[in-house]
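# Results of the structural survey
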Amino acid sequence: MSRPRGTLALLIHGGTDNWSPERWKTRFDAVCADRPVFLLPDETLDPAEVRYAAVWKPRPGELAAFANLRVIFNLGAGVDALIADASLPKLPIVRVAVDDLTKRMTEYVVLHVLAHHRQEIYLRESQREKRWEPKTQWPAGAISVGIMGLGNLGADAAEALKILGFKVSGWSRSEKNISGVSCFHGMDGLAPFLKKTNILVCLLPLTAETRHILNRSLLSMLDRDSPLGAPVLINAGRGGLQNEAELLACLNDGTLGAATLDVFETEPLPKESPFWTHRKVLITPHNAADTDPDAISKYVAVQIERHEAGQTLQNVVDMRRGY
Ligand code: NDP
Ligand code: OXD
């Protein structure tokens, strides 16, 4: 006799193209074979039937309605929005850790490190003003890139930057050993890490410990002694990691030479934000690494199969650490 296949409910509140709930439903129907999959809201669904929920930014209280829920699948890597819900059932939360997402983020990090290294802001301005005035170029080996967060995303980006010839270092909570990368960890390791960093890439999760970590005091510690002159910030982690008033002041007074920002405290970034028109800032609309429904629905389906076969779930969030 075949095992009963637990019902999967999809709660997706995205608003952007890749978060189209119908697109996710189509993908989950394809990979969950004979498992019932419901896209909520759906009045035909008895909440007591639901064993699994795959979610993106569910509304506070929404998940508490499923009395027999077993596992929550967050459809992205960052769980900050999900775990902010005080009524969240105390169940395992599985987050996304898939090669597809990792490689997309590495593309983004490489693109923006190279953009700053190869003086793209200056060159685009020159083009607009029809100025043929090249500045001296320097080799990648003259620049130290420091990555905050050496998890799935940070470690992969570090490997790619290393291959391009940058000096690469990284900072994490626990000790790491990555060949060719200078690894620092913990609060004691933060200042020495910053002191050797010219381009700071932030790929940290947003937690109680990391909120507003990108502030004036931290940015002032970055190394200015490189051909870039003033250091550069690339933040593709979460907007809550940056103190935006201090970041803006650092850009205005030269503490920072430039920044690439993919994430903001308020998203979409309000039209009146000074970051939109700042000449030292490159902005992307929180799409450094798109969450791909094909890759991620397959990942969730495999995790559910593992769970039903009595195996351990992978990439379960540690609620004490908050990521
Ligand atoms: P991981 O959990 O794999 O890695 C997180 C890293 O941050 C780990 O190295 C961890 O250290 C480190 N870290 C966490 N807290 C601290 C701390 N207090 N001090 C020092 N280091 C700390 O996450 P991912 O790499 O998968 O993702 C990182 C973040 O990227 C996500 O949480 C999300 O916010 C963001 N993201 C953004 C996207 C975008 O499009 N902009 C897309 C996808 C993700 P340790 O290794 O010791 O645990
Ligand atoms: C994520 C994101 O956390 O897309 O996966 O931001």
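Definitions and limits used
Residues numbered from 1 in each chain as written. Chains lettered and ligands numbered in written order. Predicted model: local features only at pLDDT ≥ 70, side-chain atom pairs only at ≥ 80, totals over all residues. Heavy atoms only, no water. Helix = DSSP H or I, 4+ residues; strand = E, 2+ residues; numbered from the N terminus. Rg over C-alpha atoms; globule rule 2.2 N^0.38 Å. Buried < 20%, exposed > 50% of the residue type's maximum accessible area, 1.4 Å probe, protein only. Pairing = 2+ DSSP bridges. Contact = heavy atoms within 4.5 Å. Axes fitted to C-alpha atoms, helices over the stretch in contact; angles between N-to-C directions. Disulfide = S-S within 2.5 Å. Near = heavy atom within 4 Å. Polar contact = N/O pair within 3.5 Å; in protein donor to acceptor, adjacent residues only side chain to side chain. Areas by Shrake-Rupley, 256 points an atom, 1.4 Å probe, with all protein chains shown as cover. Parallel < 35°, antiparallel > 145°, perpendicular 65-115°, else oblique. Left-handed = near helix turned anticlockwise from the far one by under 90°. Nonpolar A, V, L, I, M, F, W, Y, C, P; charged D, E, K, R; others polar. Domains from an automatic or database assignment. Buried area = accessible area lost by both parts, 1.4 Å probe. Salt bridge = Lys/Arg side-chain N within 4 Å of Asp/Glu carboxyl O.

When helices and strands are counted, the chain shows 9 helices and 12 strands. For the chain, whose C-alpha radius of gyration is 22 Å, the value lies close to the compact-globule estimate of 20 Å for 323 residues. Taking the principal axes of its C-alpha atoms as reference, the chain extends roughly 70 × 40 × 30 Å. Buried residues in the chain amount to 50% of all 323 residues.

On to the sheet that holds strand S3 (residues 50–56). Strand order in the open sheet formed by 5 strands is S2-S1-S3-S4-S5, with parallel pairing between adjacent strands. Because the sheet does not close on itself, it has two edges, and the strands there are strand S2 (37–39) and strand S5 (93–94). Here helix H9 (residues 293–308) sits on the sheet in contact with strand S1 (7–12), S3, strand S4 (71–74) and S5, set at roughly 160° to S4.

Right, let's talk about the state of the cysteines for a bit. Inspection of the entire model under this criterion finds 0 disulfides. With no disulfide of its own, cysteine 202 has cysteine 250 as its nearest cysteine by sulfur position, at a separation of 15 Å.

What follows deals with the site of ligand 1. The local shell around ligand 1 holds 30 residues, among which Arg95, Ser174, Lys176, Asp262 and Tyr323 are the closest. The side chain of arginine 95 places a nitrogen or oxygen atom 2.9 Å from an oxygen atom of ligand 1. A distance of 2.9 Å separates a nitrogen atom of ligand 1 from a polar backbone atom of arginine 173. In isolation ligand 1 exposes 940 Å². Once the protein is present, 93% of that is buried. Listing elements by their share of the shell around ligand 1, those giving two or more residues are helix H3 (99–117), helix H5 (152–164) and strand S7 (167–172).

Quick look at unusual backbone geometry now. Residue proline 41 is reached from leucine 40 by a cis peptide bond, and omega for that bond is 0°. Structurally, the position occupied by proline 41 is in the loop between S2 and S3. With an omega dihedral of -5°, the bond running from glutamate 267 to proline 268 counts as a cis peptide bond. Along the chain, the position of proline 268 falls in the loop between strand S11 (258–261) and strand S12 (281–283). Phi at histidine 212 is positive, roughly 60°, even though this residue is not glycine. Structurally, histidine 212 can be placed in the loop between strand S9 (199–202) and helix H7 (216–219). Non-glycine residue histidine 286 carries a positive phi angle of around 45°. Within the secondary structure layout, histidine 286 lies in the loop between S12 and H9.

Moving on: the pairing of S9. Burial of the side chains of S9 extends over both faces: Ile199 and Val201 are buried on one face and Leu200 and Cys202 on the other. Bridge count for strand S6 (residues 144–148) against S9 is 4 bridges, and the pairing is parallel. When the bridges of S9 are listed, valine 145 appears paired with isoleucine 199. Looking at chain direction, S9 and strand S10 (residues 232–235) are connected through 4 bridges and run parallel. Directly across from isoleucine 199, in S10, lies its bridge partner valine 232.

Helix-helix packing is characterised by the crossing angle of the two axes and by the distance between the axes. Relative orientation of the contacting elements helix H1 (residues 21–31) and H9 amounts to 45°, with a least axis distance of 9 Å. Classified by the interaxial angle, the pair formed by H1 and H9 is oblique. Here H1 and H9 pass one another in a crossing that is right-handed. Facing H1, whose interface residues are Arg23, Trp24, Arg27, Phe28 and Val31, H9 presents Pro293, Asp294, Ile296, Ser297, Lys298, Val300 and Ala301. Counted by class, the contact of H1 with H9 contains 7 nonpolar, 1 polar and 4 charged residues.

This part takes up the domain arrangement of the chain. Per the domain assignment, the segments making up the chain are domain 1 (7–96 + 291–308) and domain 2 (99–283). Once you take the C-alpha centre of each, domain 1 and domain 2 turn out to be 32 Å apart. Each partner contributes residues to the interface: domain 1 has 9 residues there, and domain 2 has 6 residues. Each partner contributes to the roughly 600 Å² buried at the junction of domain 1 and domain 2, and carbon and sulfur atoms together form 52% of this total. The tally of links from domain 1 across to domain 2 stands at 2 salt bridges. For arginine 238, the salt bridge identified is with aspartate 80, shortest N-O distance 2.9 Å.

Moving on: the site of ligand 2. Neighbouring residues of ligand 2: Trp56, Gly76, Ala77, Gly78, Arg238, His286 and Thr291. In this structure, glycine 78 approaches ligand 2 through a main-chain N or O atom, which is 2.8 Å from an oxygen atom. Contacts to ligand 2 include histidine 286, whose side-chain N or O atom sits 2.7 Å from an oxygen atom. When the free accessible area of ligand 2 is taken as 210 Å², the share hidden by the protein chains comes to 89%. Counted by class, the shell around ligand 2 contains 2 nonpolar, 4 polar and 1 charged residues.

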